[in-house]
Amino acid sequence: MSVELNREQEAVVESASRDLFVAAAAGSGKTRVITERFVRIALTGTAASRTPESVLTITFTEKAAEEIAERVRERLAGAARRDGSTFDVDRAWISTIHGMCARLLRRHALEAGIDPLFSVGSEVELRALRQEAFERAAKVQLAQGPSGTETLLDTVRTGDVFEGVAAAYELCHSLGTDVTDLRRSSPDAGALRGAADRLGEVRGELLAAPTTQTVEANAAALECMIAAIESALADPAAAPAAVAASQRFKQAKRGSEAVKRLALEAEEIVGVAGEQLAQAVV
Ligand SMILES: Nc1ncnc2c1ncn2[C@@H]1O[C@H](COP(=O)(O)OP(=O)(O)OP(=O)(O)O)[C@@H](O)[C@H]1O
Ligand SMILES: [Mg+2]
């Protein structure tokens, strides 16, 4: 028994393409088309030529996969192939991409070096595992004596460092690269030198303005920032402290238009320098 199909649906079912991607509006008949294509492939073969593993069906949701498997099961119930063999739908590959990957990994758990009883972790479980791994790695680093890690954790909140590491890990993962491919990039010394020099000039211009509390406070803040950049340039281990200094950097924007303009410019230079320093720290 076959089902009614319109012309477009029939074209999809009979498409000679080996690989097929079906995307169409809700309720337009995707499930019906995929089920029918599956059934025809299953029935035209023999036990040897079409095993339940010959067709791979991937759906977006578990529900859709179950629906297709159920409809295929109903359609194939009692249907025999040319050689009289039946088709075991329970062994067919009809699942989400996660389901397919889990099945492959379970089947080859030994080669993959994983526990065959594994389950897919929830977001919450994954976060807890990542946090544990982060803490373990930090302890190992700290046990090795004074290092960039110690300075980093001292100057930036540990939670923020964890978030940064987790985000970098996610990014590597989505790019298909490995974290071991990451290299410590050295700060762009030329750009940082330029930033420190310009901040020095801004400080000079500020001090040339009529002295007020705002001007004095801003000049002092600039002096600290310049010193932080200078020390990071002299020793990369000081970069985390300079990042922290750039994050704390605040200037008052009271006073004359000229003072406000200088404060804004300094803030922008510090922001850019802070980002460059932060990249060197990761
Ligand atoms: N050619 C057709 N003739 C008669 N009924 C059809 C035809 N194609 C689809 N239908 C019916 O339309 C309804 C929707 O079909 P189906 O479930 O295959 O669509 P779908 O694209 O998978 O929907 P969803 O987006 O909700 O998953 C079903 O009841 C199906 O039997
Ligand atoms: Mg559907």
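Student: Can you walk me through the overall build of the protein chain in this structure?
Tutor: Secondary structure assignment for the protein chain yields twelve helices and two strands. Reading the secondary structure of the protein chain in the N-to-C direction produces α-α-β-α-β-α-α-α-α-α-α-α-α-α. Principal axes of the C-alpha set define a box for the protein chain whose edges measure 100 × 50 × 30 Å. Looking at the 282 residues of the protein chain, the share that counts as buried comes to 21%. Long-range pairs, those at least 24 residues apart, make up 65% of the contacts in the protein chain between residues at least 6 apart in sequence.

Student: Can you walk me through the nonpolar core in this structure?
Tutor: The nonpolar side chains of soluble globular proteins are, as a tendency, buried together. Formed by 29 residues in total, the largest nonpolar core has its most connected members in Leu199, Met225, Ile229, Ala242 and Ala266. Of all the secondary-structure elements, those providing two or more residues to this core are helix H9 (189–208), helix H10 (213–234), helix H11 (239–248) and helix H12 (257–281). At nine residues, H12 tops the list of elements feeding residues into this core. Among all residues touching Ala266, those that are not within four sequence positions of it are Leu199, Val202, Leu222 and Gln251.

Student: Got a minute to help me understand the environment of Phe21 in this structure?
Tutor: Here Phe21 lies in the loop between helix H1 (7–14) and helix H2 (30–44). Residue class for Phe21 comes out exposed when judged on the 6 C-beta atoms lying within 10 Å of it.

Student: Teacher, can you tell me more about the site of ligand 1 here?
Tutor: Around ligand 1 sit Glu4, Leu5, Asn6, Gln9, Ala24, Ala26, Gly27, Ser28, Gly29, Lys30, Thr31 and Arg32, and that is every residue in its neighbourhood. In terms of residue class, the shell around ligand 1 is built from three nonpolar, six polar and three charged.

Student: Please explain H2 as it appears in this structure.
Tutor: The periodicity of an α-helix, 3.6 residues per turn, causes residues three or four positions apart to be oriented the same way. Look at H2: 21 Å from first C-alpha to last across 15 residues, which is about the 21 Å you get at 1.5 Å a residue. Of all the positions in H2, only Val33, Ile34, Thr35, Glu36, Phe38, Val39 and Ala42 are classed as buried. Next to the buried residues of H2 lie H1, strand S1 (56–59) and helix H3 (62–76).

Student: Could you clarify how one ought to interpret the packing of H2 against H3 in this entry?
Tutor: For any two helices packed against each other, one specifies the crossing angle of their axes together with the interaxial distance. Here H2 crosses H3 at 45°, and the two axes come no closer than 9 Å. With respect to each other, H2 and H3 are oriented oblique. The chirality of how H2 crosses H3 is right-handed. Along the contact surface, H2 presents Thr31, Ile34, Thr35, Phe38, Val39 and Ala42, while H3 presents Ala64, Glu67, Ile68, Arg71, Val72, Arg75 and Leu76. Across the contact of H2 with H3, the residue classes tally to eight nonpolar, two polar and three charged.

Student: Help me understand the packing of H10 against H11, please; the structure alone is not making it clear to me.
Tutor: Relative orientation of the contacting elements H10 and H11 amounts to 160°, with a least axis distance of 8 Å. One finds that H10 runs roughly antiparallel with respect to H11. H10 and H11 meet at a crossing whose hand is left-handed. Together, Cys224, Met225, Ala228, Ile229, Ser231 and Ala232 of H10 and Ala239, Ala241, Ala242, Ala245 and Ser246 of H11 make up the contact between the two elements. Broken down by class, the residue content of the contact of H10 with H11 amounts to nine nonpolar, two polar and no charged.

Student: What should I look at first to understand the pairing of S1 in this one?
Tutor: Here is the key point about a regular strand: its side chains alternate between the two faces of the sheet. Sheet topology places S1 next to strand S2 (residues 93–96); four bridges connect them, and they run parallel. Bridge assignment links Thr57 to a residue of S2, and that residue is Ile94. At this point the chain moves from S1, through H3, to the parallel S2, and the crossover so formed is right-handed.

Student: Help me understand the environment of Glu66 in this model?
Tutor: Note that Glu66 resides in helix H3. Taking the C-alpha atoms as reference, Glu66 lies 7.8 Å from Ile94; in sequence the two are 28 residues apart.

Quick notes on the rules
- Residues numbered from 1 in each chain as written.
- Chains lettered and ligands numbered in written order.
- Predicted model: local features only at pLDDT ≥ 70, side-chain atom pairs only at ≥ 80, totals over all residues.
- Helix = DSSP H or I, 4+ residues; strand = E, 2+ residues; numbered from the N terminus.
- Buried ≥ 20, exposed ≤ 12 C-beta atoms within 10 Å, placed from the backbone.
- Contact = placed C-beta atoms within 7 Å.
- Core = buried A, V, L, I, M, F, W, Y, C linked by C-beta atoms within 7 Å.
- Near = placed C-beta within 6 Å.
- Nonpolar A, V, L, I, M, F, W, Y, C, P; charged D, E, K, R; others polar.
- Expected span 1.5 Å × (residues − 1).
- Axes fitted to C-alpha atoms, helices over the stretch in contact; angles between N-to-C directions.
- Parallel < 35°, antiparallel > 145°, perpendicular 65-115°, else oblique.
- Left-handed = near helix turned anticlockwise from the far one by under 90°.
- Pairing = 2+ DSSP bridges.
- Right-handed = clockwise from strand over helix to strand, strands pointing away.

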